[in-house]
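Residue-level structural notes
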Amino acid sequence: MAILVCGGAGYIGSHYVRALRERGETPVVLDNLLSGHAASVPADVCLHTGDMRDPALLESVFSRHAVDAVVHFAASSLVGESMERPLEYFHNNVHGMQVLLEAMVRHRVDKIVFSSTASVYGEPERIPIVEDSPLRPASPYGESKLFMERMTAWAGKAHGIRSVILRYFNVAGAWPGGEIGEDHQPESHLIPLVLQVPLGRRRCVTIFGDDWPTPDGTCIRDYLHVMDLVDAHVRAVEYLHGGGSSLVCNLGNGTGFSVRQIVDAASRVTGMPVAVEVGPRRAGDPACLVASAERARQALGWQARAGIEDILASAWAWHQAHPHGFGGRVRR
Ligand code: UDP
């Protein structure tokens, strides 16, 4: 039986695919390669290149493989971009989910794990954030993920699909050997941008606002190692295999770091100074997002292990070995 990994050539999906392969399982990847990289998918893993919104493509993938469960990473995922191009986000994320769920219903696949986000909470009332907090997305990205969650739940009621919805906080870091890591074009995430300064690829990093209601005035986020995130997905699929009922879980470390604290930690880990400049706030950003991951611990036996310096050190190893990311690399 195969696990269909939608978005398996993307940053997080490719780490999950590699972990599945190491466990002797059979991942099948579907990715449109708009932001993913074919070179991040091992050559012995079946890669279907195309768009999830294409029902004919999904029909052929589900017909060709005995899909037992779907793990769905494929989505547009930038808060700032979603504020400028909201309709694209609804089309890609929400319509993509609809086409996927329709194919699952047709082929009687009844298990899905999918990537949701802390952005479904908007500006939280309380920290740490628990799953039952009010859901008030402040961006089309967060709104699109909330729609995806709700569609999955309704499809579950009508068609018996069981789901684990994982609300990620901020993800960073790389595969321990440094073979794969984060490579977005253009890059917009804080940790890779900060590391571009010691790499000599950027003069400084811009802090998006230092007038937030936080101790040092910069935004606070909860950073999670991509390998801890992968572990949560492995457990989520096992949970569904074991007959677990549908579940929504936060995934985070439970500790917040401000943008300035990330810059300082990066400077410690790399042993080099990281120059900053302060710019305006970015639209759609909440001041502070920190998870309570208690439910994931109880339901999945999961807990984040890596701290912020481990995350930065693994990202630094990847970027040093691959300063141009996957550029020019082929599958092997
Ligand atoms: N950020 C920043 N400068 C940058 C990129 C990000 O100050 O060049 C801040 C951003 O406002 C947020 C945090 O860093 O508070 C993490 O942003 P990122 O884009 O990495 O992830 P997001 O929180 O949007 O998922």
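Now for a look at the structure at hand. The shown structure was predicted, so the numbers you read here are calculated from the model rather than taken from an experiment.

A look at the overall build of the chain
- A count of helices and strands for the chain gives ten helices and 13 strands.
- In terms of overall dimensions, the chain is globule-like: its C-alpha atoms have a radius of gyration of 19 Å, near the 20 Å expected for 332 residues.
- If one aligns the C-alpha atoms of the chain with their principal axes, the spans along those axes are about 55 × 45 × 40 Å.
- Relative to its full complement of 332 residues, the chain shows a buried share of 55%.
- If you take every contact in the chain between residues at least 6 apart in sequence, the share linking residues at least 24 apart comes to 78%.
- Carbon together with sulfur atoms contributes 51% to the accessible area of the chain, which is approximately 13900 Å² in total.
- Charged side chains of the chain number 31 positive and 36 negative; the gap between the two group centres comes to 3 Å.

What to know about the nonpolar core
- Ranked by internal contacts, the top residues of the largest apolar core, which has 43 residues, are Ile12, Tyr16, Val113, Leu166, Tyr168, Leu251 and Trp302.
- Broken down by secondary-structure element, the contributors of at least two residues to this core are strand E1 (2–6), helix H1 (11–22), strand E6 (162–168), helix H7 (226–241), strand E11 (247–251) and helix H9 (294–300).
- Ranked by the residues each element gives to this core, the list is headed by H7, at eight residues.
- Excluding residues that lie within four positions of it along the chain, Tyr168 makes contacts with Ile12, Phe73, Ser115, Ser116, Thr117, Ala118, Leu229, His233 and Leu251.
- Core analysis: the second largest hydrophobic core is formed by 28 residues, Ile262, Ala266, Leu312 and Trp316 among them.

With respect to the packing of aromatic side chains
- Within this structure, the stated rule accounts for four aromatic pairs.
- Ring centres of Tyr16 and Phe73 lie 5.7 Å apart, and the angle between their planes is 55°; this geometry places the pair in the tilted category. Taken as a pair, Tyr16 in helix H1 and Phe73 in the loop between strand E4 (67–72) and helix H3 (79–84) lie far apart in primary sequence, 57 residues in all.
- Assessed through its relative accessible area of 0%, Tyr16 is described here as buried.
- Taken together, a centroid distance of 5.1 Å and an interplanar angle of 45° make the contact between Trp318 and Phe326 tilted. Of the two residues examined, Trp318 and Phe326, each falls in the buried class.
- Between Lys157 and the ring centre of Trp154, over which it is positioned, the NZ or CZ distance is 5.7 Å.
- When the ring centre of Trp212 is taken as origin, the NZ or CZ atom of Arg281, which lies over that ring, is 3.9 Å away.

Looking at unusual backbone geometry
- The linkage connecting Ile127 with the following residue, Pro128, adopts the cis geometry, with an omega of -5°.
- Here Pro128 shows up in the loop between strand E5 (111–117) and helix H5 (140–159).
- Between Gln185 and the following residue, Pro186, the backbone shows a cis peptide bond with an omega angle of -5°.
- When you line up the elements, Pro186 lands in the loop between strand E7 (170–172) and helix H6 (190–196).
- The residue Leu33 is not glycine, and still its phi comes out positive at about 60°.
- Here Leu33 lies in the loop between strand E2 (27–31) and strand E3 (46–49).
- With relative accessibility at 27%, the residue Leu33 sits in the partly exposed group.

A closer look at the sheet that holds E5
- Here we have seven strands laid out as an open sheet, ordered E3-E2-E1-E4-E5-E6-E11, and parallel in their pairing. In this open sheet, the two strands that pair with only one neighbour each are E3 and E11. Strand-to-strand twist across the sheet, computed as the mean angle between neighbouring axes with direction ignored, equals 20°.
- Judged from the five bridges that link them, E6 and E11 form a sheet pairing that is parallel. Its bridge partner lying in E11, Tyr168 is registered against Leu251.
- With respect to the sheet, helix H4 (residues 86–106) is in contact with E1, E4 and E5, its orientation differing from that of E5 by roughly 165°.

Thresholds, definitions, all that
Residues numbered from 1 in each chain as written. Predicted model: local features only at pLDDT ≥ 70, side-chain atom pairs only at ≥ 80, totals over all residues. Heavy atoms only, no water. Helix = DSSP H or I, 4+ residues; strand = E, 2+ residues; numbered from the N terminus. Rg over C-alpha atoms; globule rule 2.2 N^0.38 Å. Buried < 20%, exposed > 50% of the residue type's maximum accessible area, 1.4 Å probe, protein only. Contact = heavy atoms within 4.5 Å. Areas by Shrake-Rupley, 256 points an atom, 1.4 Å probe, with all protein chains shown as cover. Lys, Arg positive; Asp, Glu negative; His and termini not counted. Charge placed at Lys NZ, Arg CZ, Asp CG, Glu CD. Core = buried A, V, L, I, M, F, W, Y, C linked by side-chain atoms within 4.5 Å. Phe/Tyr/Trp six-rings, centres within 6.5 Å; stacked < 30°, edge-to-face > 60°. Lys NZ or Arg CZ within 6 Å of the ring centre and 35° of its normal. Pairing = 2+ DSSP bridges. Axes fitted to C-alpha atoms, helices over the stretch in contact; angles between N-to-C directions.

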